[in-house]
Structure formats: structure tokens, C-alpha cells
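Chains, contacts and geometry: an overview
One letter stands for each residue in the lines below.
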Amino acid sequence: MVAMLSVSMSSCKDDGIDEGATILGSWVHEDGVGEADVLFFTGSLTQGEVTYTEYDDDDYPEVRKSSFTFDPKTGTLSVPGFLPYRDAKVITLTPTKLKLRYFPDDDDDTTFYRNDK
């Protein structure tokens, strides 16, 4: 019974920021209909530059750049060039997964996957 409880408790941990995980690098979100969002963070774990590229089927890629600050303790991601009125929230950060609330959609959570190649 103790073994089953420890398995079920560890399997519930989907959200949160893993110790040692970094936001730096390239992250991609594909929506399944030929569109994708790519984030590329450079600098340090807590501040630097970010490039956001939005790919659509029927349009040229839209590219925006901004500075960012990130507080790993609270999960607060400030990107003033993209989100001038509020911060994004990092719901999950692992070595392979980045789940954001309020970016790029104001009312949805978006999951990005590591894209470093």
C-alpha cells in the first residue's frame, strides 16, 4: 500500500518548476494545423532576451523580440514587449516542457516543448 501511495503521489506532479531546469533555449508549440509558436530565450535563468516567432499556414512568420525577467520561485515571467499589461505564469518547467499561462493566448495555457537541436 505504501508503494502504491508513493507512485500515485509522484505521478500527480505535472505542474511546477523542476530544480535545475532552465528556461533558456528554444521551445516550440505546434497546434496540429500547420501553425507553430517558437520561443527562444538567451541570457541567464532570470533575465535576458527572448524572440517569439509565430508561424501561420497562410502568412509569413511574425517575429517579435523583447527583454524578459523570470522569477523561478514564483513562476512569474515578465516580457514587457509582448505582455505590457500583465505577466505570464510558468505553470510547468522541466528539461523538456514549458507550460505558460497567459501567453501567447490571454485566456489559455500553452505547452511548449524543448526544441534545441
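In what follows, the structure referred to is the one given above.
Quick caveat, the model's predicted, so the values are computed rather than measured. (Residues numbered from 1 in each chain as written. Predicted model: local features only at pLDDT ≥ 70, side-chain atom pairs only at ≥ 80, totals over all residues. Heavy atoms only, no water.)

This next bit is on empty space enclosed by the protein. Overall, the coordinates contain one cavity of 30 Å³ or more when judged by the stated rule. Roughly 40 Å³ of internal volume is contained in the largest cavity. Forming the boundary of the largest cavity are Leu-39, Phe-41, Val-50, Leu-77, Val-79, Phe-82, Leu-83, Ala-88, Leu-100 and Phe-103. (1 Å grid on protein atoms, 1.4 Å probe; cavity = no way out; pocket = protein on both sides within 12 Å on 5 of 7 lines; lining within 4 Å. Points joined across faces, edges and corners; volume = space filled by probe spheres on them.)

Our next topic: unusual backbone geometry. Following Phe-103, the chain continues to Pro-104 via a peptide bond in cis, the omega torsion being 0°. Mapped onto the secondary structure, Pro-104 falls in the loop between β8 (97–101) and β9 (109–114). Not every positive phi belongs to a glycine, and Tyr-102 is a case in point at roughly 80°. If you trace the backbone, Tyr-102 turns up in the loop between β8 and β9. (Helix = DSSP H or I, 4+ residues; strand = E, 2+ residues; numbered from the N terminus.)

Here we take up a negative patch on the surface. There is a patch of like negative charges on the surface, built from Glu-30, Asp-31, Glu-35, Asp-57, Asp-58 and Asp-59. When you line up the elements, Asp-31 lands in the loop between β2 (25–30) and β3 (36–43). Given the relative accessible area of 36%, Asp-31 is considered partly exposed. (Patch = residues over 30% accessible without salt bridge, like charges linked within 9 Å, V, L, I, M, F, W, Y side chains within 5 Å. Areas by Shrake-Rupley, 256 points an atom, 1.4 Å probe, with all protein chains shown as cover. Salt bridge = Lys/Arg side-chain N within 4 Å of Asp/Glu carboxyl O. Lys, Arg positive; Asp, Glu negative; His and termini not counted. Charge placed at Lys NZ, Arg CZ, Asp CG, Glu CD. Buried < 20%, exposed > 50% of the residue type's maximum accessible area, 1.4 Å probe, protein only.)

A few words now on the nonpolar core. Counting 20 residues, the largest nonpolar core has Leu-39, Phe-41, Leu-77 and Leu-98 as the members making the most contacts within it. Those elements that place two or more of their residues in this core are β3, β4 (47–55), β5 (62–71), β7 (88–93) and β8. The element that contributes the greatest number of residues to this core is β7, accounting for three residues. Apart from residues lying up to four places away in sequence, Leu-77 is in contact with Ile-23, Phe-41, Phe-68, Thr-69, Phe-70, Asp-87, Ala-88, Val-90 and Leu-100. (Core = buried A, V, L, I, M, F, W, Y, C linked by side-chain atoms within 4.5 Å. Contact = heavy atoms within 4.5 Å.)

A side chain of one charge can pair with a side chain of the opposite charge when the charged atoms of the two come close. A full pass over the atoms with the stated rule returns two salt bridges. Measuring nitrogen to oxygen at the nearest pair gives 3.7 Å for the salt bridge that ties Arg-64 to Glu-62. As a salt-bridge pair, Asp-109 and Arg-101 come within 2.8 Å of each other at their nearest N and O atoms. By relative accessible area, which is 33% here, Asp-109 ends up partly exposed. The partly exposed category is assigned to Arg-101, whose relative accessible area is 31%.

This model, assessed by the stated rule, comprises four aromatic pairs. Ring geometry for Phe-41 and Phe-68: centres 5.0 Å apart, planes at 85°, overall edge-to-face. Highlighted residues: Phe-41 in strand β3 and Phe-68 in strand β5, separated in sequence by 27 residues. Using a relative accessible area of 2% as the deciding quantity, one classes Phe-41 as buried. For Phe-68, a relative accessible area of 2% corresponds to the buried category. With a centroid separation of 5.7 Å and an interplanar angle of 15°, the aromatic rings of Phe-82 and Phe-103 are classed as stacked. Residue Phe-82 is located in the loop between β6 (76–78) and β7, and its partner Phe-103 is located in the loop between β8 and β9; the two are separated by 21 residues in the primary sequence. Across the pair, exposure class does not vary: Phe-82 and Phe-103 are buried alike. (Phe/Tyr/Trp six-rings, centres within 6.5 Å; stacked < 30°, edge-to-face > 60°.)

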